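Read off the chains here:
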Number of protein chains: 2
Amino acid sequence: MPQYTPPVRDTRFVLEHVVGLDRYANVDGFAAATPDTVDAVLEEGGRFVAEVIFPLNQSGDLEGCTRHDDGSVTTPAGFKEAYQKFVESGWGTLSAPEAFGGQAMPHVVSTAFQEYLISANMAFAMYPGLAHGAIAALVVKGSPEQQAKYLPKMVSGEWGGTMNLTEPQCGTDLGLIRTKAEPQPDGSYAITGTKIFISAGEHDLTDNIIHLVLAKTPGAPDSSKGISLFVVPKVLVNDDGSLGDRNAVSCGSIEHKMGIHGNATCVMNYDGAKGWLVGEEMKGLAAMFIMMNAARLGVGLQGLAIAEIAFQNAVQYAKDRRQGRALTGPADPGEKADTLFVHPDVRRMLMEGKAWIEGLRALCLWGALQVDLEHNAGTEEERQLAGDLIGLLTPVIKGVGTDKGYEIATNAQQVYGGHGYIQEWGMEQYVRDARIAMIYEGTNGVQAMDLAGRKLAQNGGRAVQAFGKLVMEEIAAGKQDEATADFAARLEKAAGELQGATMWFLANGMKNPNNIGAGAVPYMHLVGLVAVGLMWLRMATAAAKLKAEGQGDAAFLDAKLVTARFFAERILPDAGALRRKIEGGADAVMALPPEMFAAA
Amino acid sequence: MPQYTPPVRDTRFVLEHVVGLDRYANVDGFAAATPDTVDAVLEEGGRFVAEVIFPLNQSGDLEGCTRHDDGSVTTPAGFKEAYQKFVESGWGTLSAPEAFGGQAMPHVVSTAFQEYLISANMAFAMYPGLAHGAIAALVVKGSPEQQAKYLPKMVSGEWGGTMNLTEPQCGTDLGLIRTKAEPQPDGSYAITGTKIFISAGEHDLTDNIIHLVLAKTPGAPDSSKGISLFVVPKVLVNDDGSLGDRNAVSCGSIEHKMGIHGNATCVMNYDGAKGWLVGEEMKGLAAMFIMMNAARLGVGLQGLAIAEIAFQNAVQYAKDRRQGRALTGPADPGEKADTLFVHPDVRRMLMEGKAWIEGLRALCLWGALQVDLEHNAGTEEERQLAGDLIGLLTPVIKGVGTDKGYEIATNAQQVYGGHGYIQEWGMEQYVRDARIAMIYEGTNGVQAMDLAGRKLAQNGGRAVQAFGKLVMEEIAAGKQDEATADFAARLEKAAGELQGATMWFLANGMKNPNNIGAGAVPYMHLVGLVAVGLMWLRMATAAAKLKAEGQGDAAFLDAKLVTARFFAERILPDAGALRRKIEGGADAVMALPPEMFAAA
């Protein structure tokens with residue numbers, strides 16, 4: 001049976017030395033995030049998820065969700081009680097606005113907690129996770145009445161929330177939406193259509209579920225420009241806040257999926273359900289992107305979080321399981337075999353996991369800081385810089401975080417050998433759960449196009465220039481210090497490959513946009529290497545400095561330095577290959593006509 | 001619902017132009033493999049598996065196997081009837097020796113058929129597949145009496161067969177085996193112990209199952225040198241060939257696994273079961289490797305075969321599904337959206353699939369030819385060369401074939417977006433099925449060590465030198481022809497990286513064997529790139545020649561040339577990164593003490 005220990009020490013190191021939480025005390029919300037408060041969130045929050053949520057992960061996978069004939073859905077045994085405790089303890093309200101009952105902590109702090117929650121039970125975490133997306137949209141786009149009516153109970157967790165985008169004929173291409181919104185005399189709309197793949201669309205955890213639904217009003221353009229966003233409660237809410245009639249929305253079926261069995265993925269049928277416009281008519285896409293950007297960062301975090309839990313268990317298995325002998329001679333001559341840990345390839349897989357996980361944790365938390373700064377930094381210049389950086393890196397955090405999450409979970413399973421393939425050991429669940437994160441909230445190919453085809457050129461390339469400047473400044477500083485000079489030089493080489501690839505896109509993208517499309521995924525991974533490399537440079541710099549000052553746990557700091565070296569020697573070399581693939585361009589990728597793909 | 005079309009045209013192209021079947025007419029068995037016979041095997045065999053075996057794949061996954069209280073195991077509905085047809089039609093006997101009722105066709109022909117069978121239904125294919133390993137061991141190591149008693153009915157498929165190696169405490173490290181074999185007065189042995197992860201260990205397809213079991217005789221050394229191999233029939237066989245008493249071996253439970261649900265993975269309990277020594281006492285490891293080498297090639301083929309079926313369906317989905325518009329402007333202006341095929345990243349994933357699948361098919365079939373030549377070529381020199389090549393490449397075919405199989409299946413699932421995650425579309429099953437192939441018959445890390453730690457240095461490096469010579473000769477020839485010169489130059493660069501990595505191992509492996517262990521997996525993939533690259537050079541050369549001569553289907557030949565170019569431009573660049581990772585050596589991989597892996 002898997003175990004879970006929240007990586008509190010590492011989170012704290014990142015918050016202190018990569019994010020530099022103490023530098024932002026002048027930013028809204030950060031004053032409240034004192035070291036003591038943050039420690040309490042990490043310690044207590046970590047303990048809560050490990051004790052209450054984690055024990056339901058494997059049983060939830062095994063049991064899954066059940067839809068009953070009346071359309072109601074039951075979550076796995078224990079979920080309802082655990083969710084009740086989650087709501088009572090307030091763990092879902094960390095960074096929500098005070099005006100609606102939240103604790104108004106920085107996003108970076110709640111992100112740290114979110115990682116733990118997802119590691120403990122990804123399927124469970126998605127119930128409050130989806131609600132957070134809906135909350136974000138209502139906070140920005142909802143009318144004061146809508147906010148007053150829905151947000152307090154959504155923030156507290158008493159009510160759930162969902163995002164309803166996908167339809168059978170319409171996934172990435174939201175212009176194809178068919179769901180209709182007919183205006184009614186009372187100012188509401190009658191929503192009719194079928195939405196699929198709705199995570200947490202129906203369940204028994206809350207009394208009400210507030211659906212945010214994309215639909216088209218009569219006469220709206222037949223494209224993504226014609227989409228509007230509506231709030232459609234499962235149960236209508238009376239003016240006094242009490243629950244009224246059941247709305248005409250129901251769960252038609254739940255999907256049988258590869259993983260995240262504990263989360264109900266629903267087909268939702270809207271049969272003239274009562275809904276209200278959120279924001280302006282035909283501006284639904286912009287409102288949707290508020291949910292979507294938050295959700296994408298959350299999905300990137302899922303990649304990290306699943307990698308962490310799978311990795312932790314693989315480390316433990318490698319310590320416990322004895323098989324074979326070290327290549328350098330018996331490590332434990334008194335035993336019949338050495339532990340798996342002596343085998344260099346096992347160690348390689350675990351080091352890859354460690355290097356990516358700690359690097360991605362830093363990137364996710366630093367990214368969350370940018371979200372805070374984008375909204376709350378003191379100057380327009382700071383807000384713009386933060387917005388540029390997180391805009392550029394959101395698809396990277398989502399795409400690279402989840403690709404690596406799957407790879408690390410797969411490697412962790414591999415450490416177990418045959419036992420990794422068997423249900424009871426729990427590792428195969430992590431691989432199955434991790435898989436969806438590469439697909440939903442925009443497939444990783446869509447993320448890559450958002451980066452290479454959209455974010456790169458926005459505002460004359462301002463974001464990628466700002467990112468490049470930051471990277472080169474920190475590399476220059478890193479090269480000055482003996483302890484980080486080798487790492488900085490290797491990162492500089494990778495950054496040079498990225499610069500070369502960016503120049504290649506500039507030179508060849510106009511000629512043929514397929515040159516960008518064909519290189520987009522390698523480019524996303526190249527940016528990911530440099531961004532995570534930047535995080536490792538910061539961690540190595542901090543570790544070397546603390547060591548020199550005789551502060552901190554020397555073994556922990558040494559581990560940071562060794563892992564940074566591993567990242568530089570064994571992971572950064574991919575940068576050159578990625579650039580060469582990008583520079584291969586679209587010709588060979590696009591040359592073959594569809595009918596010639598089948599070799600049969 | 002997935003579909004399957006056997007890739008007969010491509011198999012034929014490989015047999016003709018990469019394997020060069022007609023050049024070996026003087027080798028035992030090849031005379032019978034006339035073009036007409038081979039065509040009939042491919043056409044009829046392909047039709048048989050598509051019509052009879054494939055329809056049971058998804059239902060078999062859903063239903064799985066059932067163990068009853070009496071220890072008997074029922075396979076999924078339809079398996080028994082389909083297996084009966086499989087036996088009656090003789091598809092399992094293609095390359096088995098004539099003396100035991102086989103058709104004595106070359107191994108390369110039966111390998112072509114095996115690919116189709118596995119694509120159609122991997123879990124089903126494992127039942128005859130496991131028997132083949134047991135047959136191989138008995139053919140080489142069995143006594144004439146054992147051969148006469150067991151082989152005819154195993155070859156015909158009337159009886160099944162298994163390999164019993166693994167025990168709870170003992171996976172890769174066979175020295176840890178505890179199963180005991182006590183000699184009995186009648187010359188038999190009483191076998192007692194527990195074996196786990198026994199594929200096809202118990203089922204309802206055959207009247208008898210012939211288990212080959214590793215165990216230790218009294219006083220045998222407590223290491224892999226003390227292992228003997230025994231034949232242990234489920235039902236004892238009388239001297240007249242009729243079935244006698246049930247032996248004391250039974251299935252204690254079946255595993256709940258991530259995939260291959262249609263195949264029963266059994267815990268087998270031996271309670272003083274009657275067994276007979278196969279070959280010499282304490283030479284069980286050598287006998288086991290006969291099964292193992294055949295099995296490893298078969299598992300590599302599983303990687304290819306699952307990739308093929310997943311790829312075929314992703315191609316079809318990309319043709320059918322409309323979502324978004326081409327970056328270069330609407331491709332189908334009359335439709336509301338273009339097909340997925342217009343999107344460069346979808347095309348990239350499919351081209352990667354095509355390039356690896358066709359390259360691996362060539363490598364698997366060319367490898368099977370080496371198996372034939374190793375045993376049946378006319379001269380000792382030819383037999384030695386073939387044995388060297390297939391010895392070197394067996395871990396590569398297994399390790400790279402299955403790593404790529406999983407990656408391609410994952411990408412094929414990705415093409416489906418959210419639908420790929422849903423059971424009914426069938427794609428997630430391919431990913432789950434493909435995953436086991438990276439683990440069993442020696443994890444891919446074990447394969448890599450077999451290659452880098454064992455095969456590389458054997459006979460003074462004779463095999464890797466022979467392989468390098470072959471590659472460089474064909475590159476030199478390829479550079480002479482304008483049509484292949486660019487490909488050959490790019491392959492030469494990759495081959496140079498491989499040579500550099502090999503030299504680095506030679507220079508640094510003696511100093512510290514962990515330098516080999518830490519680079520073994522990248523090295524295996526580097527050899528895989530060059531080996532598959534060699535196959536593409538052959539295919540491109542043949543395609544260019546046929547085109548110049550005005551022979552063959554021009555579109556098919558063009559597709560070969562485009563795909564070769566894709567392989568060179570978009571896949572071969574990994575060679576440099578792999579070499580640099582290898583040259584990173586063991587230091588950063590091994591530096592961190594086990595207790596410092598957890599960041600918590």
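Residues numbered from 1 in each chain as written. Chains lettered and ligands numbered in written order. Predicted model: local features only at pLDDT ≥ 70, side-chain atom pairs only at ≥ 80, totals over all residues. Heavy atoms only, no water.

A. Quick look at the overall build of chain A. Looking only at helices and strands, chain A has 18 helices and 11 strands in total. For chain A, whose C-alpha radius of gyration is 24 Å, the value lies close to the compact-globule estimate of 25 Å for 600 residues. Principal-axis analysis of the C-alpha atoms gives chain A an extent of 80 × 65 × 60 Å. For chain A, the proportion of its 600 residues judged to be buried stands at 64%. For chain A, restricting intrachain contacts to residue pairs at least 6 apart in sequence, the fraction spanning at least 24 positions comes to 73%. Looking at chain A as shown, the accessible area adds up to about 20,500 Å², and 53% of this sits on carbon and sulfur atoms. (Helix = DSSP H or I, 4+ residues; strand = E, 2+ residues; numbered from the N terminus. Rg over C-alpha atoms; globule rule 2.2 N^0.38 Å. Buried < 20%, exposed > 50% of the residue type's maximum accessible area, 1.4 Å probe, protein only. Contact = heavy atoms within 4.5 Å. Areas by Shrake-Rupley, 256 points an atom, 1.4 Å probe, with all protein chains shown as cover.)

B. Just the UniProt feature "domain: Acyl-CoA dehydrogenase/oxidase C-terminal" (unreviewed entry) in chain A, in detail. The feature "domain: Acyl-CoA dehydrogenase/oxidase C-terminal" (unreviewed entry), as given by UniProt, occupies residues 283–454 of chain A in the numbering adopted here. Taken as a whole, residues 283–454 of chain A contains 74% helix and 0% strand, while its terminal C-alpha atoms sit 19 Å from one another. (UniProt positions renumbered as here; feature names shortened; annotations may be inferred.)

C. Inspection of the interface of chain A and chain B at higher detail. With 104 residues of chain A at the interface, the matching set in chain B holds 104 residues. Both faces considered, chain A and chain B share a buried interface measuring about 9,000 Å² in area, 61% of it formed by carbon and sulfur atoms. Broken down residue by residue, the surface that chain A buries against chain B is led by Tyr-421, Arg-570 and Phe-597 of chain A, which jointly contribute 10%. Our enumeration of links across chain A and chain B arrives at 6 salt bridges. As a salt-bridge pair, Asp-574 of chain B and Lys-581 of chain A come within 3.0 Å of each other at their nearest N and O atoms. Tallied by class, residues from the side of chain A that touches chain B come to 49 nonpolar, 26 polar and 29 charged. (Buried area = accessible area lost by both parts, 1.4 Å probe. Salt bridge = Lys/Arg side-chain N within 4 Å of Asp/Glu carboxyl O. Nonpolar A, V, L, I, M, F, W, Y, C, P; charged D, E, K, R; others polar.)

D. Focus on the pattern of salt bridges. All names here are of chain B. By the definition in use, this model includes 79 salt bridges over all chains. Across the pair Arg-12 and Asp-39 runs a salt bridge whose closest N-O atoms are separated by 2.8 Å. Of the two residues, Arg-12 sits in helix 1 (residues 8–19) while Asp-39 sits in helix 2 (residues 35–53), which places them 27 residues apart along the sequence. With a relative accessible area of 25%, Asp-39 lands in the partly exposed category. Ionic pairing is found between Glu-202 and Lys-234, a salt bridge with its closest N-O pair at 2.7 Å. Taken together, the residues Glu-202 in the loop between strand 5 (189–199) and strand 6 (208–216) and Lys-234 in the loop between strand 7 (227–233) and strand 8 (235–237) connect sequence positions 32 residues apart. By relative accessible area, which is 10% here, Lys-234 ends up buried.

E. Looking closely at the environment of Phe-311 of chain A. As for its position among the elements, Phe-311 of chain A is in helix 8 (residues 284–320). In sequence terms Phe-311 of chain A and Glu-352 of chain A are 41 residues apart; their C-alpha atoms lie 9.9 Å from each other. Setting aside residues up to four positions removed in sequence, Phe-311 of chain A forms contacts with Leu-350, Gly-353, Lys-354, Ile-357 and Ala-412 of chain A together with Phe-597 of chain B.

F. Structural detail: helix 6 (residues 122–141) of chain B. All names here are of chain B. Over its 20 residues, helix 6 runs 28 Å from end to end, which matches the ideal 28 Å to within 8%, given 1.5 Å per residue. By the largest-angle criterion, Pro-128 marks the main kink of helix 6, which is about 25°. The buried fraction of helix 6 is high, at 14 of 20 residues. (Expected span 1.5 Å × (residues − 1). Bend = angle between axes of the 7 residues up to and from the residue.)

G. Up close: the pairing of strand 5 of chain B. Residues and elements named next belong to chain B. For strand 5, the tally of buried residues reaches 9 of 11 residues, placing the bulk of the element in the interior. Relative to strand 5, strand 4 (residues 180–183) runs antiparallel, the two sharing 4 bridges. Considered in strand 5, the bridge of Glu-182 is made with Ala-190. The loop that links strand 4 with its antiparallel partner strand 5 comprises 5 residues; one of these, Gly-187, has a positive phi angle of about 95°. In this structure, strand 5 lies alongside strand 11 (residues 265–278), joined through 9 bridges in antiparallel fashion. Paired with Ala-190 across the two strands is Lys-274, which belongs to strand 11. (Pairing = 2+ DSSP bridges.)

H. Spotlight on the packing of helix 4 (residues 79–89) of chain B against helix 6 of chain B. Residue and element names in this part refer to chain B. Between helix 4 and helix 6, whose axes approach to 12 Å, the crossing angle comes to 50°. With respect to each other, helix 4 and helix 6 are oriented oblique. Regarding helix 4 and helix 6, the two cross each other, and that crossing is right-handed. Contact with helix 4, carried on its side by Phe-79, Ala-82, Tyr-83 and Phe-86, involves Phe-124, Tyr-127 and Pro-128 of helix 6 and no other residues of that element. In the contact of helix 4 with helix 6, the residues fall into 7 nonpolar, no polar and no charged. (Axes fitted to C-alpha atoms, helices over the stretch in contact; angles between N-to-C directions. Parallel < 35°, antiparallel > 145°, perpendicular 65-115°, else oblique. Left-handed = near helix turned anticlockwise from the far one by under 90°.)

I. Spotlight on the state of the cysteines. Summed over the entire model, instances satisfying the criterion amount to 0 disulfides over all chains. Not part of a disulfide, Cys-170 of chain A finds its nearest cysteine sulfur in Cys-266 of chain A, a span of 18 Å. (Disulfide = S-S within 2.5 Å.)

J. Quick peek at the environment of Gly-46 of chain A. All names here are of chain A. Note that Gly-46 resides in helix 2 (residues 35–53). Judged by relative accessible area, which is 1%, Gly-46 ranks as buried. C-alpha of Gly-46 to C-alpha of Leu-592: the two residues are 546 residues apart in sequence and 52 Å apart in space. Apart from residues no more than four positions distant in its own chain, Gly-46 is found in contact with Pro-6, Val-41 and Tyr-116.

K. View of the relation of the copies chain A and chain B. The transformation that overlays chain A on chain B combines an axial shift of 0.0 Å with a rotation of 180°, and the residual RMSD is 0.0 Å. Such a turn and shift between the copies fits a two-fold axis. When C-alpha positions in chain A are compared against the rotation axis, the closest is assigned to Ala-577 of chain A, at 3.1 Å. (Least-squares fit on C-alpha atoms with pLDDT ≥ 70 in both.)

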